[in-house]
Amino acid sequence: MAYVRKNLDEVIAELPGVQARVKAAALKTEAKIKVAIAPHSKTGYLLSSVGVERANSKDYWVFVGARYAVPVNFGFTHNWTNERIKGLHFIKGAIYG
């Protein structure tokens, strides 16, 4: 009978090749998000707020740091006109294609 270590996922996650692939995937997702929002970023702040940072010893975060990123992504209702502004859905588009 075979025995599988309980922490096998942790052991695999620490391998150098796996670390490189995780970082490459994060950088690729960052690039996809930047491509998706570049035509809609008038001042460049939204575009420059996209980045990648190390979450812990095994993972990376891809983030959009602009305060207004969520309404731009998902859509919102205009405060003055009550008009519904459609979201760009750039985050979902970058992740799922």
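The sections below set out a description of the structure shown in this document. (Residues numbered from 1 in each chain as written. Predicted model: local features only at pLDDT ≥ 70, side-chain atom pairs only at ≥ 80, totals over all residues. Heavy atoms only, no water.)

Glancing now at the overall build of the protein chain. Helices and strands together make up the secondary structure of the protein chain, namely five helices and four strands. Helices and strands appear in the protein chain in the N-to-C order α-α-α-β-β-α-β-β-α. Projected onto its principal axes, the C-alpha positions of the protein chain cover 65 × 25 × 20 Å. Counting across all 97 residues of the protein chain, residues that qualify as buried make up 20%. (Helix = DSSP H or I, 4+ residues; strand = E, 2+ residues; numbered from the N terminus. Buried < 20%, exposed > 50% of the residue type's maximum accessible area, 1.4 Å probe, protein only.)

Bringing helix α2 (residues 16-37) into the picture now. For α2, spanning 22 residues, the distance from its first C-alpha to its last is 32 Å, which sits close to the expected 32 Å at 1.5 Å a residue. Among the residues of α2, those classed as buried are Q19, A26, E30, I33 and I37. Buried residues of α2 fall within an arc of 65° about the axis and therefore sit on the same side. The outward face of α2, more than 90 degrees from its buried face, is lined by the exposed residues R21, K28 and V35. (Expected span 1.5 Å × (residues − 1). Arc of directions from axis to C-beta.)

It is worth spelling out a nonpolar patch on the surface at this point. Together, V4, L8, V11, I12 and L15 make up a nonpolar patch on the protein surface, roughly 390 Å² of accessible area in all. Within the fold, L8 resides in helix α1 (residues 8-13). Among the residues examined, L8 registers a relative accessible area of 35% and is labelled partly exposed. (Patch = residues over 30% accessible without salt bridge, like charges linked within 9 Å, V, L, I, M, F, W, Y side chains within 5 Å. Areas by Shrake-Rupley, 256 points an atom, 1.4 Å probe, with all protein chains shown as cover. Salt bridge = Lys/Arg side-chain N within 4 Å of Asp/Glu carboxyl O.)

In this section: the packing of aromatic side chains. According to the stated counting rule, one finds one aromatic pair in the structure shown. Both rings, one in Y45 and one in Y68, keep their centres 6.2 Å apart while their planes meet at 45°; by these two values the pair is tilted. In this pair, Y45 is assigned in helix α3 (residues 45-48) and Y68 in the loop between β2 (60-64) and α4 (69-74), connecting sequence segments 23 residues apart. Look at Y45 and you get partly exposed, because its relative accessible area is 45%. Y68 gets classed as partly exposed once you look at its relative accessible area, which sits at 33%. (Phe/Tyr/Trp six-rings, centres within 6.5 Å; stacked < 30°, edge-to-face > 60°.)

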